[in-house]
Amino acid sequence: MAGNRLDPIDRKILAELQADGRMTNVELAKRVGISAPPCLRRVRTLEEAGYIRGYHAEVDARELGFEVQVFASVGLVSQAETDLVAFEEKCRSWPLVRECHMLNGEVDFILKCVAPDLSTFQRFLTGQLTSAENVASVKTSLVIRGAKDEPGVPFEILEERLTREA
């Protein structure tokens, strides 16, 4: 398991930064119980190793006028690797598509889309998504409300698992 390669301090650093990526290095060091210089070295090492992919502000889509959120289940005609990669690249080019995940099961991809209004989403759906090369079917579900949106991973579960395996 990948978490085994990290010591408890590294895991605590990641958990703290996941909860609050804006805290200062001094505050982070205090929370994980080490001094600031080695804490900064550890953060840089975690960044270079790819454990930390970036730091982002969590913006409120509705406050910015993006009232519509839709999940689109997409079936492709062909699941050859080149066709899958081509669809993923196409998804990266569509601004309304915020997430794209390849699935195992009845559909090939699920897309999380946002739009300012239904007519904008409908234009995207009919003008781009359903007409895209290799797309066989699209089923959409409009989000009424979100009950949970928790980014990252549950570090407490990782710690429990590592404790059991020790």
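Every chain begins its residue count from 1, and numbering advances along the sequence as written. Note on the predicted model: pLDDT of at least 70 is required for a residue's local features to be given, and 80 or more for side-chain atom pairs to be given and counted; whole-chain, interface and lining totals, by contrast, use all residues. In computing side-chain values, all of the structure's heavy atoms are included and hydrogens and water are not.

A. Spatial organisation of the packing of aromatic side chains. Aromatic rings from Phe, Tyr and Trp, with only the six-membered ring used for Trp, were paired whenever their centres fell within 6.5 Å, and each pair was classed as stacked if the ring planes differed by under 30 degrees, edge-to-face if by over 60, and tilted otherwise. Evaluated as defined, the whole model comprises four aromatic pairs. When the ring of Phe87 is compared with that of Trp94, the centres are 6.3 Å apart and the planes differ by 75°; the resulting orientation is edge-to-face. The rule is simple: take the accessible area with a 1.4 Å probe, protein chains only, and divide by the maximum for that residue type; under 20% is buried, over 50% is exposed, in between is partly exposed. By relative accessible area, which is 4% here, Phe87 ends up buried. On the accessibility criterion, Trp94 (4% relative accessible area) is buried. Through successive ring pairs, a cluster of aromatic residues spans Phe87, Trp94, Phe109, Phe121 and Phe124.

B. Region of the structure containing the layout of surface pockets. There is about 2400 Å³ of room inside the largest pocket. Grid points spaced at 1 Å and placed over the protein atoms alone form the basis of the search, with a cavity being a set where a 1.4 Å probe fits but cannot get out and a pocket an open set showing protein on both sides within 12 Å along at least five of seven lines. Lining residues have an atom within 4 Å of a point. What lines the largest pocket is a set of 50 residues, among which His56, Glu58, Asp149, Pro151 and Gly152 lie closest to the centre. Strands are runs of DSSP state E lasting at least two residues, helices are runs of H or I lasting at least four, and both sets are numbered from the N terminus onward. Looking at the lining of the largest pocket, the elements with two or more residues in it are α1 (8-19), β1 (68-76), α4 (81-93), β2 (97-102), β3 (109-115) and α6 (155-165). Ranked by residue count, the leading element in the lining of the largest pocket is β2, at five residues. Ten residue types, Ala, Val, Leu, Ile, Met, Phe, Trp, Tyr, Cys and Pro, are classed as nonpolar, four, Asp, Glu, Lys and Arg, as charged, and the remainder, Gly among them, as polar. For the lining of the largest pocket, the per-class residue count stands at 28 nonpolar, nine polar and 13 charged. As used throughout, domain bounds are those supplied by an automatic or database domain assignment. Three or more residues apiece are contributed to the lining of the largest pocket by two domains, here domain 1 (8-57) and domain 2 (62-142). Grid points are joined across faces, edges and corners, and a volume is the space filled by probe spheres set on the points.

C. Representation of the environment of Ser35 within the structure. Assignment of secondary structure puts Ser35 in the loop between α2 (25-32) and α3 (36-48). For the pair Ser35 and Asn25, spaced ten residues apart in sequence, the C-alpha separation works out to 9.3 Å.

D. Structural context of the packing of α2 against α3. An axis is simply a line fitted to the C-alpha atoms; with a helix, the fit covers only the stretch in contact. Between two such axes, the angle follows the N-to-C directions and lies from 0 to 180 degrees. Contact pair α2 / α3: the axes reach a minimum separation of 9 Å and the direction vectors enclose 100°. Taken together, the axes of α2 and α3 are roughly perpendicular relative to one another. For the pair formed by α2 and α3, the contact residues are Asn25, Val26, Leu28, Ala29 and Val32 on the first element and Ala36, Cys39, Leu40 and Val43 on the second. Tallied by class, residues from the contact of α2 with α3 come to eight nonpolar, one polar and no charged. Convention used here: angles under 35 degrees read as roughly parallel, angles over 145 as roughly antiparallel, angles from 65 to 115 as roughly perpendicular, and any remaining angle as oblique. Here a residue-residue contact requires only that any non-hydrogen atoms of the pair lie within 4.5 Å.

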